[in-house]
Structure formats: structure tokens, C-alpha cells
Amino acid sequence: MTSEETRPTDFIRETVTEDLEDGRFNYVRTRLPPEPNGYLHIGHAKAFLIDYLVAHEQNGELYLRFDDTNPVKEDLEYVEAIKEDARWLGIEWVKETYASDYFGALYEWAVKLVKKGKAYVDDQTPEEVSSTRGTLTEPGTESPYRNRSVEENLSLLERMKNGEFPDGLCTLRAKIDMAHPNLNMRDPVMYRIIHEPAHHRTEYTWKIYPMYDWAHGQNDSMEGITHSLCSLEYENHRPLYEWFLEELEVFKPRQMEFSRLVLNYTILSKRYLRQLVDEGLVCGWDDPRMPTLRALRRRGYTREAIRDFIQRVGVAKSDSVIDIALLEACIRDDLNVRAPRRMGVLEPIKLIIDNFPEDQKVDLEADNNPGDPGAGSRKVPFCRELYIERSDFQEEPQKKFYRLFPGNEVRLRYAYLVTCTGVVKDPETGEILEVHCTYDPETRGGDAPDGRRIKSTIHWVSARHAVPAEVRLYDRLFTIENPDSESFKDYLNPNSLEIAHAFVEPGLAQAEPGFRLQFERLGYFSVDQDSTADNLVFNRTVPLRDSWAKIQKKQR
């Protein structure tokens, strides 16, 4: 930040500033609390960046604390992936911790609540606990084990910890109020028994594991987190977190909630995303159609575009649906500045220049980025036979079609003006196999000496020098704006991936995975990790224009 004026402002930042000015805290410390049971997606990016930037702007500290309280779903693979993705976003933390670091201290705090008569061991089954919880309009029913003595509860809790009971036999519950209007306050479960599998860090040391609502707030307190920033679904949990801290008489962080990211044409539910992967509906967590950060990175998105998107979305107190077109606009804006231009033909048809010498090759000068003079230029070979896009030719042109058709003159990008003279067709199918034309040798570079007006410019590659490539044309994964429901699979877009067998200019033959570029007139692309010197593979990041907006406009 170069000045105070350049900093974004919102209710979270204003509250943090007030807390410092009022003396509630004399430092700022936030935390990232990911569960190591999946890969980060664009929604996590918003939460992570809010936590990071709020601390960073106040010269504070950020902790990365993994909520590893459920060994059934956790894996070290996710731990490493989360760190990799967070670093890619440009996020830095001063300390890496785990909820499991505090299992011993958390257990002692649970014992403290039992001794105060504020927690008890319940022998009801999970189904019984759920059925006696009550509803929003009816109070819950107290457990028959709720009034056990402190001594009995301490003994049972110790035996739970020592692994003397099987999974599900009993739980430790907070003793609050079964008639409380907030269902989260109706004697929530604090510990459950889990014997298998082994924890990825503590192995078989622990046989009981804390629930998230028990670990979350207490871990924040133990680490001296000043501002616990959560998404809105935790707003109703805040009274419970505050009750625990009050009863324990420990350091009290301030919790604030913000709206989570909701994107149209997208699902962000881990459960639904896992179904897509497990059922083979996408090709893994990094399939470029997925909203995970590694998928977006593979598709060609930059961290700068994602951070710009999160900043434009802002921080709000109420949920709203963000148009995915905004995310696409951010990557267009970013790549428009940084991506070099190249030419590639996705649906090739041969263009033969009849009056160009057969064996001649001309190296033409082409800009790497017309908007950036410092990007320089490159040489592209030009010869008698070229490939152009099939869609750039119409034998019988529609109204306002200004590209190539018999008798029409167009500009070949960086090259010459050519006039279509005819076509060669397959005698059996009638399919156009070749388009023939003549060129004006006085128009090298695309300008006519006599100043005649040319309405259209098309791209091309030299047929003799072009390199074959597989181009994966990705589109939105769902056909409706709000697919986030149990029936989400009914709305999968059958055209979310199309494969084009293309030809690209020869300078791309050695392009490395991750290289981003604009194929002129087509869109922004990135070299895929599957790409090799013998089999080039490009992913379309985003088209040059929002074609979906046009489709929606036609459907209205």
C-alpha cells in the first residue's frame, strides 16, 4: 500500500481499526482455518485473502491453522495442496499450526467445564441426540444422563479418552439450555469417539476428537487471535463460541462474519465437487472446468486476476450471487496486458494463393502485443498455402458478412490483401476442401498503397510450417445460473469441453506448460500440463468476448 487512500474499506476493516484505537487490542492477528479434507476453491480464496489482507494492512500477523479434528476425512495430501495454493495466491503466514497441537490443552479445558457442572457425558446414540434436539418452534428434550454427578462425568470422560468405549457409545456435551431459541446452544456435542483411522499427525494417541464448534473458538483464544473472521453461516454459532470463552474465563477474540462467495453457473460445495470427481464427470480436482484454485491455474488464470476479482467483489454482510462474467472480465483485463499474441487456426481450411510462387517463403514481422511496444515483435513464415478458420469463409455470404467470400478482398493479418477467386469441393459430399485466392504483392503489411478500404482482417498460419496442436475449448460446466442443489448433475453442460485439432504458428513448438497467450481473434489460452514437444496441448482460458451474454439475450 502506498497510502491510506489506496486501501479498501469495509465493515471488517473499520471495526479492526476501531478496536486498535479503543484499546480492545494492541495488535492484530488473524488466522486461516482450513480443514485438510479437500482442495481450495475460488470461495476459499475470498476468505483467505480477507484474513491475510486485514492483518497485512495493519502490520499484523497471520497464522495458518489446519482444523485437523476429523481423521476420517483428512489427508496429508490436502495439507500440502492447501499450502501450495495459498502461496500461489501470494499469501504469507508467520506460523503454521494445527488444531491437533492443542488437543491436550483443549481436553484440560473440557475437564474444567465438567468440574464447573457445564459439561456431561451422554450415552444417547447420535440418532437420539438428533431427535431430542427440538425444532425452531419447539424446545428440545433433556438427556436422561444430563444430571450425572461431576465425579461420574470426569470418570467417564477419562475412560472415553483412554479408548475404553466403542465409537458412538457416548459423547461429551456442553450443558447449556435445551430450550434455547438458538439450536446451537442446546447442549452441543463437544467430543465424539473415533478409533479408526489413525490421525495423520497424532496417529493413535487420541481416541476422542473435538467437534469443530468446540475446537474453533478455543484454538483462536489459545493462539491470541484478535479477529476471527468467518462466513455468515457461523453467525448463529457465535453465541456458543462466546459462551465457551466466558465459562472458561480466557482470552476472547472478536468474531465477525462476512458473506461467502456465491458464483452463478458454479457449485462450491465440497460434497458436490467430490461427486463430480468420484463419478468421473470431470477429470480430477484440477480439471479446468472446476472452481478449485489448481483447476483455475491450469486453465490459465493468474493470481493477479483472482485477487482483482476478490477485491471487486468486496466484503459484505449479506449473501448475493456474483456473475461469473466478472471473474472472466478480470482475467481478460489481466491477460490483455501481459499475454503475447500468436496465431492459431482451430477449424482449419486450406487457403491457396494462386499467384504466389510455390517455393517461396516470406518472413513477416508480427507484433507480440500491440498494446505494449516494449513486447517487441516476432517473425512468422508466409507461403503459398495457408490455413484459415473455416468460419472465416462463406461461399454464399450472409448479410453483413465481410470476411472471405468469392470476389471479396480481405486483409491477412500482418501479411497481404487477398481476393477470393473460387473453391475446390469434394465431388461426392460437396464439402469445401480448398479456398483459392490471389494476393496483391504491393500490400505487404496489410496496407493498400491506393488507400482502398478493407472491411475485414482474418488470421492464418502457414500450412507448410504450422505445428499441429490439440486445443481444449472449455466452457461453463453448468447450463443454469443456480445449479447448487441435489439435482446439480441434471444441469451439466454437454458442451463444456470440445476438442479442436488445430494448427498454430511454428514459434509455439517449444512452448512450456503454463505459458499464457492470446490466439488472435479467438481468446486467451494456456499451455496445458499434458503438453509435450510431440503433442502440444492448449487450454482455452476465456474467449475474447462473453458469448454467454449473447445467448442469454437471445433467450429473453
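S.K.: Help me out: how do you make sense of the sheet that holds strand E4 (residues 119–122) in this one?
M.R.: Pairing between the strands of a sheet is mediated by backbone hydrogen bonds and can be parallel or antiparallel. Across the sheet, which stays open at both edges, the four strands sit in the order E4-E5-E6-E7 with antiparallel pairing between neighbours. The sheet terminates laterally at E4 and strand E7 (208–210), the two strands that pair on one side only. Strand-to-strand twist of the sheet, defined as the mean angle between neighbouring strand axes without regard to direction, takes the value 25°. The sheet contact formed by strand E5 (residues 171–174) and strand E6 (residues 189–193) spans three bridges and is antiparallel. When the sheet's bridge partners are listed, Leu172 is paired in E6 with Tyr191. Of the strands in this sheet, E4, E5, E6 and E7 are in contact with helix H4 (residues 103–115), which crosses E6 at around 120°.

S.K.: Whenever I open this one, the confidence of the model for the protein chain confuses me. Can you help?
M.R.: One rule of thumb: low pLDDT means the predicted coordinates there are not for detailed reading. The share of residues in the protein chain with pLDDT of 70 or more is 97%, and the mean pLDDT across the chain is 95. Confidence drops under a pLDDT of 50 for residues 1–5, and excluding neighbours within four residues, the segment shows four contacts in the predicted structure.

S.K.: Can you walk me through the environment of Glu80 in this structure?
M.R.: Residue position: Glu80 is located in helix H3 (residues 76–88). For Glu80, a relative accessible area of 41% corresponds to the partly exposed category. Separated by 41 residues in sequence, Glu80 and Tyr39 place their C-alpha atoms 9.8 Å apart.

S.K.: Before we go on, may I ask you to explain the nonpolar core in this structure?
M.R.: The nonpolar side chains of a soluble globular protein tend to be buried with one another. The biggest cluster of nonpolar side chains holds 39 residues, and the ones touching the most others in it are Ile42, Ile91, Leu263, Ile306 and Phe309. Among the secondary structure elements, those contributing two or more residues to this core are helix H2 (42–57), strand E2 (61–66), H3, helix H10 (293–299), helix H11 (303–313) and helix H12 (324–338). Examining the composition of this core, we find that six residues originate from one element, H2, more than from any other. Residues within four places of Ile42 in sequence aside, it is in contact with Leu261, Leu263, Leu268, Pro291, Leu293, Leu296, Ile306, Phe309 and Ile310. Formed by 34 residues, the second largest nonpolar core is a distinct cluster that contains Val111, Val121, Tyr191 and Trp243.

About the cut-offs
Residues numbered from 1 in each chain as written. Predicted model: local features only at pLDDT ≥ 70, side-chain atom pairs only at ≥ 80, totals over all residues. Heavy atoms only, no water. Pairing = 2+ DSSP bridges. Helix = DSSP H or I, 4+ residues; strand = E, 2+ residues; numbered from the N terminus. Axes fitted to C-alpha atoms, helices over the stretch in contact; angles between N-to-C directions. Contact = heavy atoms within 4.5 Å. pLDDT = per-residue confidence, 0-100. Buried < 20%, exposed > 50% of the residue type's maximum accessible area, 1.4 Å probe, protein only. Core = buried A, V, L, I, M, F, W, Y, C linked by side-chain atoms within 4.5 Å.

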